[in-house]
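Spelled out, the chains give:
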Amino acid sequence: MLLNLYSVVALAALLVFGLALLAAALWRPQVRHLTLPDAWKQYRFGFPTYALIFLAFDMEMIFMYPWAVVFRGIGLEAFLDMLVFIAILLAGLTYAWRMGGLEWE
């Protein structure tokens, strides 16, 4: 019974893979040179770095709230876990700072 189920899944995977290869062989995209509009020329590509750093520290706050609620019940183990978590975030921030990712040009 289980072997039949796996054979059906394998057959479906082979069918999907074969159709993908067939579609890739038949469809040849034409290469075009794209020009950027003026709005994209003014876009600062350093912004995603700031957005990722913001999200990292925002996620830190999301994890710290439930941790703070149960901190007394867990004790020293919870405190050490949070120290490791903050150390990893600070290591990432330090790396971004040293690599020049926080400089706005």
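Calculation notes
- Residues numbered from 1 in each chain as written.
- Predicted model: local features only at pLDDT ≥ 70, side-chain atom pairs only at ≥ 80, totals over all residues.
- Heavy atoms only, no water.
- Helix = DSSP H or I, 4+ residues; strand = E, 2+ residues; numbered from the N terminus.
- Expected span 1.5 Å × (residues − 1).
- Buried < 20%, exposed > 50% of the residue type's maximum accessible area, 1.4 Å probe, protein only.
- Contact = heavy atoms within 4.5 Å.
- Patch = residues over 30% accessible without salt bridge, like charges linked within 9 Å, V, L, I, M, F, W, Y side chains within 5 Å.
- Areas by Shrake-Rupley, 256 points an atom, 1.4 Å probe, with all protein chains shown as cover.
- Salt bridge = Lys/Arg side-chain N within 4 Å of Asp/Glu carboxyl O.
- Phe/Tyr/Trp six-rings, centres within 6.5 Å; stacked < 30°, edge-to-face > 60°.

With 23 residues, helix α4 (residues 76–98) should reach 33 Å at 1.5 Å per residue; the first-to-last C-alpha distance of 32 Å fits that figure. The complete set of buried residues in α4 reads A78, M82, L89 and A96. Looking at the buried residues of α4, the elements they touch are α3 (47–74). Of the residues trailing α4, G100 is marked for its positive phi of about 85°.

The subject of this paragraph is a nonpolar patch on the surface. A surface patch of nonpolar side chains, about 440 Å² in accessible area, is lined by L15, L19, L22 and L26. Inspection of the secondary structure puts L22 in helix α1 (residues 2–26). By relative accessible area, which is 47% here, L22 ends up partly exposed.

Okay, α3 next. Taking 1.5 Å per residue as the helical rise, α3 with its 28 residues ought to reach 40 Å, and the 39 Å between its terminal C-alpha atoms agrees with that figure. Remark: G75 follows α3 within two positions and exhibits a positive phi of approximately 95°.

What follows concerns the packing of aromatic side chains. Applying the stated rule across the entire model yields 3 aromatic pairs. Measuring from centroid to centroid gives 5.8 Å for F63 and F85, while their planes differ by 85°, and the two rings are edge-to-face. With F63 in helix α3 and F85 in helix α4, this pair connects stretches of sequence that are 22 residues apart. Judged by its relative accessible area of 27%, F85 falls in the partly exposed class. Here W67 and F71 contribute two aromatic rings whose centre-to-centre distance is 5.0 Å and whose plane-to-plane angle is 45°, an arrangement assigned as tilted. Linking W67 with F71, this pair stays in helix α3, spanning 4 residues, or about one helical turn. Owing to a relative accessible area of 29%, F71 belongs among the partly exposed residues under this scheme. Through pairs of rings, three or more aromatic residues link up here, namely W67, F71 and F79.

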